[in-house]
Amino acid sequence: NVDLRYCSLVFFDATIFPDVENLHLAGSSNLTYLNITKLGLLKYLYVFATGITSLDTSNNVYLDLLNIQNTPITSIDFSNNINLRIVSNTGGNILSPVLPASIEAYQSGPGVTSLDISSNPLIYNLLIASSALSSASVDDLYIQLNSSGVILGTFDARYQTNPRTSASNSARAS
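So, how was this worked out
- Residues numbered from 1 in each chain as written.
- Predicted model: local features only at pLDDT ≥ 70, side-chain atom pairs only at ≥ 80, totals over all residues.
- Heavy atoms only, no water.
- Helix = DSSP H or I, 4+ residues; strand = E, 2+ residues; numbered from the N terminus.
- Buried < 20%, exposed > 50% of the residue type's maximum accessible area, 1.4 Å probe, protein only.
- Contact = heavy atoms within 4.5 Å.
- Pairing = 2+ DSSP bridges.
- Salt bridge = Lys/Arg side-chain N within 4 Å of Asp/Glu carboxyl O.
- Patch = residues over 30% accessible without salt bridge, like charges linked within 9 Å, V, L, I, M, F, W, Y side chains within 5 Å.
- Areas by Shrake-Rupley, 256 points an atom, 1.4 Å probe, with all protein chains shown as cover.

## Some words on the environment of Tyr-62
With respect to the helices and strands, the residue Tyr-62 is situated in the loop between strand S5 (44-48) and strand S6 (65-69). Assessed through its relative accessible area of 46%, Tyr-62 is described here as partly exposed. Considered as a pair, Tyr-62 and Asn-81 are 19 residues apart in the sequence and their alpha carbons are 7.0 Å apart. Contact partners of Tyr-62, with chain neighbours within four places excluded, come to Gly-40, Leu-41, Leu-42, Lys-43 and Asn-83.

Below is the structure:
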């Protein structure tokens, strides 16, 4: 485990810890660069209140949980993160995330304007809070979840400025 909380780092090359499975960075608003590309065993990544604007997780195939809070990352490519089960982005700026085939996803923040879950047949819980999703986008999420067979899980679109409309009434509400 590597735990760096409230340190004054500006740059962190985590590849000096090639066998780390758990990396926790918090309270380092000056931290603008994080290199995790050679952390082949990384399973849990927590990034809280940093200045990081981009993150390359393409080589982290064992990544199971990614939790980003109050960090200005605007995009992440999850296409190689085949084991990722839980994605949480709160108070973040990931504008149009294409979520991996995760089981649970939590997405909130005023910067969220769209969300593509079409390639997530295993998604079980989806929480979208305080986002800028349009009513049409909220409707689309209900329809995507319904068409992928999500009937036992939950979809919570709380605190949305733009609620669901009648366009998605045929999709099951949970």
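After that view of the structure, there is still more to cover.
## Brief notes about the pairing of S6
The element S6 is largely enclosed, with a buried count of four among its five residues. Strand direction decides the pairing type here: S5 and S6, joined by five bridges, are parallel. What sits directly across from Leu-45, in S6, is Leu-66. Pairing analysis gives five bridges linking S6 to strand S7 (residues 86-90), with the strands arranged parallel. In the strand pairing of S7, Asn-67 is matched with Ser-88.

## Describing the pattern of salt bridges
Under the definition given, this model contains two salt bridges. A salt bridge links Asp-3 to Arg-5; the nearest nitrogen and oxygen atoms lie 2.8 Å apart. Residue Arg-5 is classed as partly exposed on the basis of its relative accessible area of 46%. Here Lys-43 ties to Glu-21 by a salt bridge, and the two come within 3.9 Å at their closest N and O atoms. One end of the pair, Lys-43, is in the loop between strand S4 (33-35) and S5; the other, Glu-21, is in the loop between strand S2 (11-13) and strand S3 (22-26), with 22 residues separating them in the sequence. Residue Glu-21 is classed as partly exposed on the basis of its relative accessible area, which comes to 36%.

## A short note on a nonpolar patch on the surface
Together, Leu-41, Val-61, Tyr-62 and Ile-82 give the surface a local cluster of nonpolar side chains, amounting to about 380 Å² of exposed area. Structurally, Leu-41 is set in the loop between S4 and S5.

## Considering the environment of Ser-134
If you trace the backbone, Ser-134 turns up in the loop between strand S9 (125-129) and helix H1 (135-147). For Ser-134, a relative accessible area of 31% corresponds to the partly exposed category. Sequence-wise, Ser-134 and Arg-164 are 30 residues apart; in three dimensions their C-alpha atoms are separated by 8.8 Å.

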